[in-house]
There are 4 protein chains.
Amino acid sequence: MSMNTFGRLFRFTTWGESHGPALGATVDGCPPGVAVSEEMLQVWLDKRKPGTSKFTTQRREADQVEILSGTFEGRTTGTPIQLMIRNTDQRSKDYGDIAEKFRPGHADITYWQKYGIRDYRGGGRSSARETAARVAAGGIARAVLADLVPALEIRGYMTQIGPHGIEGQRDMTEIDNNPFWVPSAATADKWAEYLGGIRKAGSSVGAVIELVARNVPAGLGAPIYAKLDTDLAAAMMSINAVKGVEIGEGMNAASLTGEENADEMHMGPEGPEYASNHAGGILGGISTGQDLVVRFAVKPTSSILTPRRTVTKSGEDADLITKGRHDPCVGIRAVPVGEAMMACVILDHLLLHRGQVGEGLRGKIG
Amino acid sequence: MSMNTFGRLFRFTTWGESHGPALGATVDGCPPGVAVSEEMLQVWLDKRKPGTSKFTTQRREADQVEILSGTFEGRTTGTPIQLMIRNTDQRSKDYGDIAEKFRPGHADITYWQKYGIRDYRGGGRSSARETAARVAAGGIARAVLADLVPALEIRGYMTQIGPHGIEGQRDMTEIDNNPFWVPSAATADKWAEYLGGIRKAGSSVGAVIELVARNVPAGLGAPIYAKLDTDLAAAMMSINAVKGVEIGEGMNAASLTGEENADEMHMGPEGPEYASNHAGGILGGISTGQDLVVRFAVKPTSSILTPRRTVTKSGEDADLITKGRHDPCVGIRAVPVGEAMMACVILDHLLLHRGQVGEGLRGKIG
Amino acid sequence: MSMNTFGRLFRFTTWGESHGPALGATVDGCPPGVAVSEEMLQVWLDKRKPGTSKFTTQRREADQVEILSGTFEGRTTGTPIQLMIRNTDQRSKDYGDIAEKFRPGHADITYWQKYGIRDYRGGGRSSARETAARVAAGGIARAVLADLVPALEIRGYMTQIGPHGIEGQRDMTEIDNNPFWVPSAATADKWAEYLGGIRKAGSSVGAVIELVARNVPAGLGAPIYAKLDTDLAAAMMSINAVKGVEIGEGMNAASLTGEENADEMHMGPEGPEYASNHAGGILGGISTGQDLVVRFAVKPTSSILTPRRTVTKSGEDADLITKGRHDPCVGIRAVPVGEAMMACVILDHLLLHRGQVGEGLRGKIG
Amino acid sequence: MSMNTFGRLFRFTTWGESHGPALGATVDGCPPGVAVSEEMLQVWLDKRKPGTSKFTTQRREADQVEILSGTFEGRTTGTPIQLMIRNTDQRSKDYGDIAEKFRPGHADITYWQKYGIRDYRGGGRSSARETAARVAAGGIARAVLADLVPALEIRGYMTQIGPHGIEGQRDMTEIDNNPFWVPSAATADKWAEYLGGIRKAGSSVGAVIELVARNVPAGLGAPIYAKLDTDLAAAMMSINAVKGVEIGEGMNAASLTGEENADEMHMGPEGPEYASNHAGGILGGISTGQDLVVRFAVKPTSSILTPRRTVTKSGEDADLITKGRHDPCVGIRAVPVGEAMMACVILDHLLLHRGQVGEGLRGKIG
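Residues numbered from 1 in each chain as written. Chains lettered and ligands numbered in written order. Predicted model: local features only at pLDDT ≥ 70, side-chain atom pairs only at ≥ 80, totals over all residues. Heavy atoms only, no water.

**A look at the environment of isoleucine 224 of chain C**
Locating isoleucine 224 of chain C in the fold gives a position in the loop between β10 (207-214) and α5 (228-237). For isoleucine 224 of chain C, a relative accessible area of 3% corresponds to the buried category. Along the primary structure isoleucine 224 of chain C and glycine 284 of chain C are separated by 60 residues, whereas in three dimensions their C-alpha atoms are 8.4 Å apart. Discounting chain neighbours no more than four positions away, the residues touching isoleucine 224 of chain C are Thr230 of chain C together with Met3, Asn4, Tyr111, Arg125, Glu130, Arg134 and Ser238 of chain D. (Helix = DSSP H or I, 4+ residues; strand = E, 2+ residues; numbered from the N terminus. Buried < 20%, exposed > 50% of the residue type's maximum accessible area, 1.4 Å probe, protein only. Contact = heavy atoms within 4.5 Å.)

**Regarding the state of the cysteines**
Residue and element names in this part refer to chain C. Counted by the stated rule, this structure contains zero disulfides over all chains. In this model cysteine 30 remains outside any disulfide bridge; the closest cysteine sulfur is found in cysteine 344, 10 Å from its own. Taking relative accessible area as the criterion, cysteine 30 reaches 1% and is therefore assigned buried. (Disulfide = S-S within 2.5 Å.)

**Let's talk about the relation of the copies chain D and chain C**
Once chain D is rotated about the relating axis by 180 degrees and shifted along it by 0.0 Å, it coincides with chain C to within an RMSD of 0.0 Å. Such values leave the two copies arranged in the relation of a two-fold axis. Same-surface contact between copies: 100% of interface residues of chain D are shared with the interface of chain C. (Least-squares fit on C-alpha atoms with pLDDT ≥ 70 in both.)

**Here's the deal with the interface of chain B and chain D**
Counting residues at the interface gives 43 residues for chain B and 43 residues for chain D. Where chain B packs against chain D, one counts zero salt bridges. Our enumeration of links across chain B and chain D arrives at seven residue pairs in polar contact (both at pLDDT 80 or more). Of all the secondary-structure elements, those providing two or more residues to the side of chain B that touches chain D are β2 (11-16), β3 (22-28), β6 (75-76), β7 (81-86) and α2 (108-115) of chain B. It is β2 of chain B that contributes the most residues to the side of chain B that touches chain D, five residues altogether. A per-class count over the side of chain B that touches chain D returns 16 nonpolar, 16 polar and 11 charged. (Salt bridge = Lys/Arg side-chain N within 4 Å of Asp/Glu carboxyl O. Polar contact = N/O pair within 3.5 Å; in protein donor to acceptor, adjacent residues only side chain to side chain. Nonpolar A, V, L, I, M, F, W, Y, C, P; charged D, E, K, R; others polar.)

**With respect to the relation of the copies chain B and chain D**
With an RMSD of 0.0 Å, the fit of chain B onto chain D corresponds to turning through 180 degrees and sliding 0.0 Å along the axis. Same-surface contact between copies: 100% of interface residues of chain B are shared with the interface of chain D.

**With respect to the environment of alanine 151 of chain A**
Residues and elements named next belong to chain A. On the secondary structure map, alanine 151 appears in the loop between α3 (130-148) and β8 (153-161). Taking relative accessible area as the criterion, alanine 151 reaches 46% and is therefore assigned partly exposed. Along the backbone, alanine 151 and proline 50 are 101 residues apart, and their C-alpha atoms lie at a distance of 30 Å.

**Details of helix α4 (residues 185-200) of chain B**
Residue and element names in this part refer to chain B. Taking 1.5 Å as the rise per residue, α4 with 16 residues should run 22 Å; its terminal C-alpha atoms sit 23 Å apart, in good agreement. All of the buried residues in α4 are Thr187, Ala188, Trp191, Leu195, Gly196 and Ile198. One face of α4 carries all of its buried residues, which in axial projection span an arc of 165 degrees. In this structure, α4 carries Ala186, Asp189, Glu193 and Lys200 as exposed residues pointing more than 90 degrees from its buried face. Looking at the buried positions of α4, the neighbouring elements they touch are β8 (153-161), β9 (164-165) and α7 (331-356). Remark: glycine 202 follows α4 within two positions and exhibits a positive phi of approximately 70 degrees. (Expected span 1.5 Å × (residues − 1). Arc of directions from axis to C-beta.)

**Description of the pattern of salt bridges**
Applying the stated criterion across every chain, the model contains 84 salt bridges over all chains. The closest approach of N and O atoms between glutamate 167 of chain B and lysine 190 of chain B, which form a salt bridge, is 2.8 Å. In this pair, glutamate 167 of chain B is assigned in the loop between β9 and α4 and lysine 190 of chain B in helix α4, connecting sequence segments 23 residues apart. Residue class for lysine 190 of chain B comes out partly exposed when judged on its relative accessible area of 48%. Its salt-bridge partner being glutamate 264 of chain D, residue arginine 308 of chain C comes within 3.6 Å of it at the nearest N-O pair.

**A short note on the UniProt feature "binding site: FMN" (unreviewed entry) in chain A**
In the UniProt entry, the feature "binding site: FMN" (unreviewed entry) is given for Arg125, Ser126, Ser127, Asn240, Ala241, Gly284, Lys299, Pro300, Thr301, Ser302, Ser303 and Arg325 of chain A. Looking at where asparagine 240 of chain A falls in the secondary structure, it is placed in the loop between α5 (228-237) and β11 (242-247). When sequence neighbours within four positions are dropped, the list of residues in contact with asparagine 240 of chain A reads Ser126, Ser127, Ala128, Glu130, Thr131, Arg134 and Val298 of chain A together with Lys227 of chain B. Polar contacts involving the side chain of asparagine 240 of chain A include one to the main-chain carbonyl oxygen of serine 126 of chain A, which spans 2.9 Å. Here lysine 299 of chain A shows up in the loop between β16 (292-298) and β17 (308-311). Lysine 299 of chain A sits in the buried class, given a relative accessible area of 11%. Once you skip the residues sitting within four places of it in the chain, lysine 299 of chain A turns out to touch Gly105, Val205, Gly206, Ala241, Lys243 and Val330 of chain A together with Ala253, Asn261 and Leu283 of chain B. A polar contact is formed between the side chain of lysine 299 of chain A and the backbone oxygen of glycine 105 of chain A, at a distance of 2.9 Å. (UniProt positions renumbered as here; feature names shortened; annotations may be inferred.)

**Quick look at the confidence of the model for chain A**
With 97% of its residues at a pLDDT of 70 or more, chain A has an overall mean of 94. Across the predicted assembly, pTM comes out at 0.97 and ipTM at 0.97. (pLDDT = per-residue confidence, 0-100.)

**Things to note about the nonpolar core**
If you look at soluble globular proteins, the nonpolar side chains tend to sit buried side by side. Ranked by internal contacts, the top residues of the largest apolar core, which has 373 residues, are Met236 of chain A, Met236 of chain B, Met236 of chain C together with Met236 of chain D. Look past the residues within four positions of methionine 236 of chain C in its chain and what remains in contact with it is Leu211, Val242, Val245, Val294, Phe296, Gly338, Met341 and Met342 of chain C. (Core = buried A, V, L, I, M, F, W, Y, C linked by side-chain atoms within 4.5 Å.)

**Things to note about the sheet that holds strand β1 (residues 5-6) of chain D**
Two orientations exist for strands paired in a sheet by backbone hydrogen bonds: parallel and antiparallel. Spatially, five strands are ordered β1-β2-β3-β7-β4 (chain D) in an open sheet, and the strand pairing comes out antiparallel. At either margin of the open sheet sits one strand with a lone partner, and together these are β1 and β4 (65-67) of chain D. (Pairing = 2+ DSSP bridges.)

**Quick look at the interface of chain D and chain C**
With 117 residues of chain D at the interface, the matching set in chain C holds 117 residues. Approximately 9100 Å² of surface area, both sides summed, lies buried where chain D meets chain C, with 60% of it carried by carbon and sulfur atoms. Three residues, Lys114, Tyr225 and Lys243 of chain D, lead the burial of chain D against chain C; their summed loss comes to 10% of the area buried on that side. Taken together, chain D and chain C are joined by two salt bridges. Joining chain D to chain C, the criterion identifies 63 residue pairs in polar contact (both at pLDDT 80 or more). In terms of residue count, helix α2 (residues 108-115) of chain D provides more of the side of chain D that touches chain C than any other element does, seven residues in total. Grouping the constituent residues of the side of chain D that touches chain C by class yields 55 nonpolar, 41 polar and 21 charged. One ladder, built from three bridges, connects strand β11 (residues 242-247) of chain C with strand β11 (residues 242-247) of chain D; its direction is antiparallel. Looking across to β11 of chain D, one finds that glutamate 246 of chain C is bridged to glycine 244 of chain D. (Buried area = accessible area lost by both parts, 1.4 Å probe.)

Written out as structure tokens, the structure is:
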């Protein structure tokens, strides 16, 4: 069922609305004995937090996470971990207008059509604030992964904003040096100028985010319907505003021939090596041990200052300008969210694998 | 858990290997009282069946489906429906070579790395033959949908093969007149020539498939982690060879501005109407009532006649030519598979919605 | 999976430890539009609250429930409802001794053996305080049921304490007039005297609780593995200290012949009527429309003042007296917990039924 | 959801009706590399097979199981295992009468009330024939357990038939020497006489079955809602005709005091030992390492030769004699079914534990 639950063995359920008293995540199935603290989680929440640059919403949320259960003396106990984040800066008055009017591109109309009732303040449950809870849950997943697979690394970054890709060579050491988490200083400058213009015009723009996980053990993924790529696709598509998900070559795979797409193999000193990674680290839904490469596209923020035509709850035509404090490009804050989801999926499959198959990965080569 | 199970209320579990005695699907949660027969299911299986044109594998499989349970006097009873398809043309000898060598681009190596044992005959469980079981399950879903939402239509077609898109205007009436299910007679001719060349060269090529569902009721989808688009993305990514999934604008949404992407609304005679459908019929994970538009890309078949470098189970370098009878473009037979998965997802969400919210969709406009 | 989750369509996940800052329940899948308030839930929590008579633990917990999400203007929205109860009276010092010693009959040793770490304060996660969260979730279920099946009533009461059953005729109007929720004033007096003696002796005693649901619609229950009785058995067995569960005749059914056990039917003015109810309202896992009758037995509280032999974490023999503030008979407070679980199971199956089968119950007789 | 699915990591879905062409179980999540064969499974099916003594139904079913998928060269591959059993002796004509009349005590009326359609032949889906599929799935579980925990033993036996318990000392070596699997030769003789009379009278009688698992590792069970006892209770209550389930002292726990019920501990040469086992091997939902002791009661077969009053589908009063070939005591054939379910639950929890916690049980004592 799991309407608001994600995961199989490592599961989290998020709860809360944009303008309610709090939101959070109930994390179940976390292995015991792992060191976690509010400080460790806060590092990740601070990456997603609004207001860190002029390119994100100016809503002020401390996004301070509290651990209410599931740890004892600084370690997980194997029982559910409740992570709560209080909402502090809810200017509900900004939303008076949309109690009646449905914002185009938002879930206002569909929540109404589905439930016949909606918390219209800030999008209620469909607000991207929900992703703060995912980032907190992802922080738990990262702590466990650090314990179980110390070499594993997960990194996300933007590779496109509007029509603009990365110019020149990628330099991964630049990711943390700019507000876009783009691996190129020169690109960051150009994007800053571009997005500055978008922001001033009260407009918005989409983006592409790429996620890479290194040192993922081979053998993760549970075919057929719990394939690693299936779960990654679901994880990313569940993030607000995402309209496309790719693994490895992604949509471009359609254009290739079998010869171009084959990732040839040869034996290296420590086992099989691949000459390329068109597959994005997954074959038949199972990890190969190569880098796991996932990309997703987010649409432009639907809240813009240009008036759009819409309808009202009472069935009248109307024009709507969405004021309030919005992100000109939600792709920026989607980076830590994507990373968190990737961490949760990998951990989940690690636990699933050792549950079904056993602790040691089984088939050896050579 | 659901390793081999798909769905929430309407669920199916597929089982079987390429070269075992049979494969099938166990369908659970099907509403009672719906007319189904083997003949009704066979229609869909015949679309996916190999050997229908020279562009698909020449393996001869009747793909005859048997209903072993769950119906009585031609109607579903609400109990599990077992759908079995016997494998008849298993030339296991074709696969002797790959008992030892891992085929690049196939799941041979990862199944080995995960499980330490694999049925190497024809890819075993990772063979695309598994999708026959999905098509059978999808046939059940279609029968139920025909009962519950008679106006609903699901259509799939190819929009790209290798680098070639559709030329000229789309003509949906042409879909059933060519082996590619492409909505353009002229394009079909060009593709036939192109793919003929690929086939003769012992090569292969990827494709893009588009799926459209019309007259889907508004209000389907269960946020946050059972969103309609999330489940569609998972459904498509679970299909063999799929590397990317898009809803509406898909990856292209990244390039748009908020003004371009907004689907403006106005009141029509029967409720809200949309000026465009960039969203692909889904907002906040819930259907809007517009056409549901999904696309997915499949990579080129990994079995090609050009030798590729690979490794063996015993850890030696080797070259491999994949003989056997293969599809030069698996995208063709992925069309009915995608349709089947879409039918299953829509039915599942219809049942979920009436379970949680109630039979009538709730929020009225106007 | 669902380690800490109960339910299928109407699901709740409980979290929290006896001596952490708070505990609660995350309720998912609740239908929208139902009036709920903290006051409505508090009524049920107050029934379970400790310290209401001298026969329950003297720990002082307000058990005040807060609704943190999932409602808007006093009605459910269909999104997750977070119910939080703060722990206020945690005298952790009472538990210093048991950090090292395992209390016989408690889960101290097994949590240690399973997880290698345990929050020993008050039993941590295995404390009966967890049941407060169930009662809160049950309050939501009751509110929804009141909306959907107004005639439905759920009542629990004790039918046995130690070796003492109910004397004389049952009088259901007496249930709320005594601390045992026993339907007999005379019995209540005798039990008070008996349990008073047990309490003074620092001993404890077990009990049997019976639950009856009236006006349950026929047709609820999803065979084979989600039968109504299966889910009720799981629900009751999951409650702390429960060692047996019965439906209708229960264990006594073994002694009966087919003639004695048959519930004969005849047509009444509004449909079939039954001459008896040995089945407890369930046939083949599906409700008949008769009263649903469930019983469960709780063992005596394991915390007693007589020293018992035990072992320590470091592997030494020891004697242990369990001080602290304990219930001489946990059966008393198990009554509202059982009622809550029954409400959740019935609602879940009501939603499941209308999801799979449809709003109206299908097969008519006559 | 899992209407017809049981289990979490080791899951099986049963399908099929009494008088359809076949029935079976789809087993998912089975660890790879375990030796299984049709012969190994047949041993268990033969224990449950009808017609093995005069005390079970004379319906002739070979109950021959076929493995259709999930194994390769005699070993499991980690993919779904399809187990099919063909129905061979379906005398549908025996059931003509009950197409219209509802048999008292059977699920005829409730399946009708739920689904509005039912396969009335032999009870259809609610027939005890479904349990053959469970026994097959249990055979897989036993094979895996033999691999993972070689010392583990599961034994079931009857402890009561009608009002008659076991007389004298129990002698476990006698279990396989009599048709009741009762651990006492003298008792078997008396029961044979008693049940012979019941059978000749066309009557039936209930029974109690006890199941014991020895050498279960400590630490299995996933609190709160996937406790080991919770899952065992669900497993047993899901078996046809079961009306009560007990763990350890069971319903009798109500009568005990805390002093009587405490299982005192002391250190033995290999760890903690218990002076008694009132708990039945489970504390807080987690196994202690003691014997796991479960009991369940089955009601008398509802098919008897004495006419009972009932109603018809068209709403008329009627009398009904249930002819056909029935078991005078279904408890006999419930023994292997209970054993199978116990094996599945234990294996499931073993996998869950090593998934969440890790391969080695964690907390050591001493």
